Amino acid sequence: METKVNNMQIDTRIVGEDAIKIAARDVQVYYGDTHAIKDVNVDILDKTVTAFIGPSGCGKSTFLRCLNRMNDTISIARIEGDIRIDGEDIYDRRVDPVQLRAKVGMVFQKPNPFPKSIYENVAYGPRIHGLARTKADLDVIVEQSLRRAALWDEVKDRLEAPGTGLSGGQQQRLCIGRAVATNPEILLMDEPCSALDPIATAQVEELIDELRSNFSVVIVTHSMQQAARVSQKTAFFHLGHLVEFDETSKIFTNPEDPRTESYITGRIG
Amino acid sequence: MPLTISISIVLIFIAVLAAVGFVLGRARALSVANGAESGLHSLPKQHGWHVALSTAVPAIILIALWSIGSGIASNIYTNSIIDPNAPELQLSASVTDGLPEAEIEVRLAAQRDLFVASIKGLKTAIDGYIANGNATLADLERWRVDFAPLEARLREDGQIIAASISQNMLDAALRLRSFDAAVALTGRVAAILLSIAGFLIGLKLITRDFRARISVERWLLSFLIFASTIAVMTTVGILSAITFPTLAFFKEYGLFNFLFGMEWAPAGDVAGRPEGADGSYISALGFMPLIWGTLYIAFVALLVAVPLGLSAAIYLSEFAPSRVRAFVKPALEILAGIPTIVYGIFALVTVGPFLQAVVGSTIMPNTVSVITAGVVMGMMLVPFVSSLSDDVINAVPQAMRDGSLGLGATPAETVTKVILPAALPGIVGAIVLAASRAIGETMIVVLAAGALSSVTGLETNPFGAVVTVTTRIVAVLLGEGSGFDSIDVLAVFALAFTLFFVTLGLNLLAQRIVAKYREQYD
Ligand SMILES: Nc1ncnc2c1ncn2[C@@H]1O[C@H](COP(=O)(O)OP(=O)(O)O)[C@@H](O)[C@H]1O
Ligand SMILES: [Mg+2]
């Protein structure tokens, strides 16, 4: 599967400052009568990559979508509990989900560039949030974002070409660049590599590691190797519960909970 | 007395034989298998079907082909027995006087066609007369036109006779009658023999290894291919039926005169005779005023339908709660199911008078006008535009919405900046289809656009009455005094032909646009 040789060796990276970026308390999510997230408590650190792992349907995406209130767009979804970003309750009435989403960017499972030019894809967010006064400002933002997404060199000569014409890996990096362009503080990624080939996956993983210096990154992944490679913290979800949350190295070498252990050794799938 | 077998008896015979074939085939398959069904290649049932199909299908195909062929044969036969010197084929000097040679040729050919048609009509009438039990076959031998007023007797019996009957006509009709009877009898006997042959061969073919399953599949496949061919052939048939008169019209009136003529004034039943020396026609048959009226109304209709329909589609697909959607979507579809004549009445009795009351009768002398027809046609098209646009908007992947909302765009920004641009080609396709419907629409314009029988030039006042292509087709065919062979009627074929190509072109265009748009997400 992966091109990178992986021997499940966990680098013990130094985890950034221990500033808590997102604090979730007693979060419940219901889809109609389905109780999809149960009593989740978690503190996500700034300048850190946090991985969510767990079997399919355990609620990883659902919880991730709580963090930028994307669940608001699903009419039957109902959220209870308390989620704070930088100490501010994001479900407070006064918080505009639209502004929140500029601050908490999201990258989806399948690359979803708009059917517009590469330039327009990146400029979309800054335009709607009024981040650039002049065309020159916008050019700067676009270039900067594409550089951060490690895509600039590949596309700088064809910014007017359609974004949908790029390869899958390039499209996903374009989507990352698009998310970065609104100047977010947090980046949420829902299985960002599951539709990519191994080479593109490696490029995106490398990018995620670089993004850590500027953002708090939360990534949902099905690949435990990927979680081990890119994250410093790992949360294991099972049947809507957050079973275990700890340093990635700890989760993969010495998990506390028997369910975590059976999952990472492949007994729960 | 000649033998006759009615077609229904033949069909019943074939059906019964096929049913027997099914039962026998199944039984024979079972006996061949010696009770061990698993030894057979195909199920006993399939063997039964195979026998039934080989009994019925070739015979029925023969009957169908025979009936087409015998029609053609009786035409040829009729033409061959007509005496070329028969007085019915001649034109009187008063008619030919002053006509050019080519025109006389055309008239003679028409005269001949008419005579052939009369013979066939008389033959049908006699058939009906006998079937009603008014005469025996023996009587036929003694019939003469003047023997008793034959025409009066036939009419009294309810038979339809177009021309007055002459002795030549009667003789030909009687000969045609016996010819047709012989052809029909041969065909029916052949069909019965063919079904018996199919029955026997089908039964004989049954062995342990016979692949009845595959044969039955083939029969089924051929049937499906046949059914789809019929649809295509119908289109071809319609097209050829309007093409020949159209070409005749273009030849006669001039393509250029037709397409760019600014006046529409069919003269009635003058049969397109050039008026005097300068060779110009009494009928003015210019296309321009008609297509102008048609496009003008279609434009107004789109002006109404596109904004309303598109907004409804956006609301329904992007904003409406599911409860509202569940109610409004079917309601719109019901609107789409209202017959257009109802819209026409609505336009005539409600919208027209209302508009006239609002703008005053100096601007709007009649209740019928471009606006009246256009607005109501627009209403009619709203559900059409909205349901097509709804489809294309829904086809924009959810990932586009998520992507945009995830970047902090509002739902309205998402619609205007991402969804509509992405759906635009599909929406354009929907609009083009709506335009093509507007152009071909008949009932509303017949009632609400105006019924001027002649126009010159292009009406620009939107509150003025216009004529359209479809209304003129209706008017001329419902006979504002035109004979069916007149140039006016030929012109109608040209109108239908042109209309066909305009709407065909629009539909092809729409299809191309929509297909291109589909590729984008595949
Ligand atoms: N839009 C939705 N409507 C109803 N139920 C949903 C919806 N999305 C997710 N669910 C349910 O919530 C549970 C968690 O789903 P999800 O968060 O997508 O799991 P994961 O991402 O871990 O595979 C599943 O049981 C799923 O069926
Ligand atoms: Mg998921």
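Here goes a summary of the coordinates provided. Bear in mind that the values here come from a model prediction, so they are computed numbers and not experimental data. (Residues numbered from 1 in each chain as written. Chains lettered and ligands numbered in written order. Predicted model: local features only at pLDDT ≥ 70, side-chain atom pairs only at ≥ 80, totals over all residues. Heavy atoms only, no water.)

Examining the interface of chain A and chain B
With 20 residues of chain A at the interface, the matching set in chain B holds 19 residues. Between chain A and chain B, the buried area comes to about 1500 Å², and carbon and sulfur atoms account for 66% of it. It is P115, Y124 and I128 of chain A that lose the most area in chain A upon contact with chain B, and together they represent 33% of the buried surface on that side. Here chain A is connected to chain B by zero salt bridges. Inspection of the region where chain A meets chain B yields four residue pairs in polar contact (both at pLDDT 80 or more). Top contributing element to the side of chain A that touches chain B by residue count: helix α2 (residues 97-103) of chain A, with three residues. Along the lines of polarity and charge, the residues of the side of chain A that touches chain B split into twelve nonpolar, four polar and four charged. (Contact = heavy atoms within 4.5 Å. Buried area = accessible area lost by both parts, 1.4 Å probe. Salt bridge = Lys/Arg side-chain N within 4 Å of Asp/Glu carboxyl O. Polar contact = N/O pair within 3.5 Å; in protein donor to acceptor, adjacent residues only side chain to side chain. Helix = DSSP H or I, 4+ residues; strand = E, 2+ residues; numbered from the N terminus. Nonpolar A, V, L, I, M, F, W, Y, C, P; charged D, E, K, R; others polar.)

Some details on the pattern of salt bridges
Pairing is possible between side chains of opposite charge, provided their charged atoms come close. All names here are of chain A. Overall, the coordinates contain 24 salt bridges over all chains when judged by the stated rule. For the salt bridge of D72 with R69, the shortest nitrogen-to-oxygen distance reads 2.9 Å. Among the salt bridges present, the one from D139 reaches K135, with a minimum N-O distance of 3.0 Å. Remark: K135 and D139 occur in helix α4 (residues 135-148); sequence separation between them is four residues, near one turn of the helix.

Some points on the environment of C58 of chain A
With respect to the helices and strands, the residue C58 of chain A is situated in the loop between β3 (49-53) and α1 (60-66). Taking C-alpha positions, C58 of chain A is 16 Å from D257 of chain A, a pair spaced 199 residues apart along the chain.

Observations concerning the site of ligand 1
Residues and elements named next belong to chain A. In the vicinity of ligand 1, the residues found are Y31, A36, S56, G57, C58, G59, K60, S61, T62, I74 and I76. Within the backbone of G59, an N or O atom sits 3.0 Å from an oxygen atom of ligand 1. Contacts to ligand 1 include S61, whose side-chain N or O atom sits 2.5 Å from an oxygen atom. When ligand 1 is considered free in solution it has 560 Å² of accessible area, and contact with the protein chains removes 63% of it. (Near = heavy atom within 4 Å. Areas by Shrake-Rupley, 256 points an atom, 1.4 Å probe, with all protein chains shown as cover.)

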